[in-house]
Amino acid sequence: MQRLVPQLSAAAVWDGPPLAEPGADSPGEAAIAELASKVAARGTPLDTAEQAIVTYAESLGAERDARLTALFAAVFATVDRDRAELISGIKRYARGQRRLAARIRETTAELGGGTATAARRRELQERRAWDTRIFEERQTSLQALCDQPVLLEQRLFRLAQTIRANMDS
């Protein structure tokens with residue numbers, strides 16, 4: 001079981017300069033947005049993401065800290081959005097499980113009533129067996145699904161550490 005934290009706080013993972021909202025007006029913002037998208041993506045291996053941050057940091061001049069702070073803000077916004085989408089999906093998944101559990105209970109209650117014909121009892125038993133199988137298979141997947149937001153948080157923390165380690169101040 002994990003406690004639901006609906007939204008992340010940048011302060012939980014960032015001890016650097018204050019963050020500004022990512023925007024398209026400042027120079028280099030397009031490059032920052034592209035890099036943030038790449039390093040925040042779950043499909044990008046963490047080592048590759050960290051190396052991309054180091055390479056970017058090495059290319060920066062006088063505005064190094066400001067650009068790296070903007071990079072973290074963009075990474076944070078991307079991860080927070082992805083995490084919110086994951087949590088929304090988990091909630092839909094859980095609602096489906098609750099509906100399926102209710103259907104299993106209803107089928108079981110009808111079977112216990114004793115008024116169904118033999119053909120109807122067979123049909124209800126088959127439905128309950130099928131629904132139970134689906135429910136149990138989905139239940140085993142639920143833990144892995146619920147781990148995804150935590151893995152995103154861990155990734156964000158590592159990326160924040162890498163960005164911060166490459167700052168001058």
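Look above for the structure.
Remember, predicted model here, so these are calculated numbers, not experimental data.

Novice: Can you lay out the overall build of the protein chain for me, pointing to particular residues and giving the numbers?
Specialist: The helix and strand inventory of the protein chain stands at four helices and zero strands. For the protein chain, the succession of helices and strands along the chain, N to C, is α-α-α-α. For a compact globule of 169 residues, the expected C-alpha radius of gyration is about 15 Å, and the protein chain comes in at 24 Å, more than 25% above that figure. When the backbone C-alpha atoms are referred to their principal axes, the protein chain occupies close to 80 × 25 × 25 Å. Considering only residue pairs separated by 6 or more positions, the protein chain has 81% of its internal contacts joining residues 24 or more positions apart.

Novice: Go over a positive patch on the surface with me, naming the residues and quoting the values.
Specialist: A cluster of basic side chains, namely Lys91, Arg92, Arg95, Arg98 and Arg99, defines a positive patch on the protein surface. Assessed through its relative accessible area of 52%, arginine 98 is described here as exposed.

Novice: Any chance you could break down the nonpolar core for me, citing the residues and the numbers?
Specialist: Of all hydrophobic cores here, the largest spans 28 residues; its most connected members are Val39, Leu68, Leu71, Phe72 and Val75. Taken together, the elements giving at least two residues each to this core come down to α1 (29–40), α2 (46–58), α3 (64–113) and α4 (118–165). Broken down by element, this core gets its largest block of residues, eight residues, from α3. Not counting residues up to four positions away in its chain, the partners in contact with leucine 71 are Ile32, Leu35, Ala36, Ile53, Tyr56 and Ile163.

Novice: Summarise the packing of α1 against α2; cite the residues concerned and give the values.
Specialist: Axis separation between α1 and α2 bottoms out at 9 Å; the angle between their running directions is 155°. By the angle between their axes, α1 is roughly antiparallel relative to α2. When you trace α1 past α2, the crossing you get is left-handed. Side by side, α1 and α2 meet where Ile32, Leu35, Lys38 and Val39 of the first sit next to Ala49, Ala52, Ile53 and Tyr56 of the second. Considered class by class, the residues forming the contact of α1 with α2 number seven nonpolar, no polar and one charged.

Novice: Describe in detail the packing of aromatic side chains, supporting the description with residues and values.
Specialist: Taken as a whole and assessed by the stated rule, the structure comprises two aromatic pairs. With a centroid separation of 4.3 Å and an interplanar angle of 5°, the aromatic rings of tryptophan 14 and phenylalanine 72 are classed as stacked. Residue tryptophan 14 is found in the segment before α1, and its partner phenylalanine 72 is found in helix α3; the two are separated by 58 residues along the sequence. For phenylalanine 72, a relative accessible area of 0% translates into the label buried. The rings of Trp14, Phe72 and Phe76 are connected pair by pair, giving a single aromatic cluster.

Novice: With reference to specific residues and values, describe the packing of α2 against α4.
Specialist: The N-to-C vectors of α2 and α4 enclose an angle of 25°; their axes lie 9 Å apart at closest approach. When the axis of α2 is compared with that of α4, the two are roughly parallel. When you trace α2 past α4, the crossing you get is right-handed. Contact with α2, carried on its side by Leu46, Asp47, Ala49, Glu50, Ile53 and Val54, involves Arg155, Arg158, Leu159, Thr162 and Ile163 of α4 and no other residues of that element. Tallied by class, the residues present in the contact of α2 with α4 amount to six nonpolar, one polar and four charged.

Cut-offs applied
Residues numbered from 1 in each chain as written. Predicted model: local features only at pLDDT ≥ 70, side-chain atom pairs only at ≥ 80, totals over all residues. Heavy atoms only, no water. Helix = DSSP H or I, 4+ residues; strand = E, 2+ residues; numbered from the N terminus. Rg over C-alpha atoms; globule rule 2.2 N^0.38 Å. Contact = heavy atoms within 4.5 Å. Patch = residues over 30% accessible without salt bridge, like charges linked within 9 Å, V, L, I, M, F, W, Y side chains within 5 Å. Areas by Shrake-Rupley, 256 points an atom, 1.4 Å probe, with all protein chains shown as cover. Salt bridge = Lys/Arg side-chain N within 4 Å of Asp/Glu carboxyl O. Lys, Arg positive; Asp, Glu negative; His and termini not counted. Charge placed at Lys NZ, Arg CZ, Asp CG, Glu CD. Buried < 20%, exposed > 50% of the residue type's maximum accessible area, 1.4 Å probe, protein only. Core = buried A, V, L, I, M, F, W, Y, C linked by side-chain atoms within 4.5 Å. Axes fitted to C-alpha atoms, helices over the stretch in contact; angles between N-to-C directions. Parallel < 35°, antiparallel > 145°, perpendicular 65-115°, else oblique. Left-handed = near helix turned anticlockwise from the far one by under 90°. Nonpolar A, V, L, I, M, F, W, Y, C, P; charged D, E, K, R; others polar. Phe/Tyr/Trp six-rings, centres within 6.5 Å; stacked < 30°, edge-to-face > 60°.

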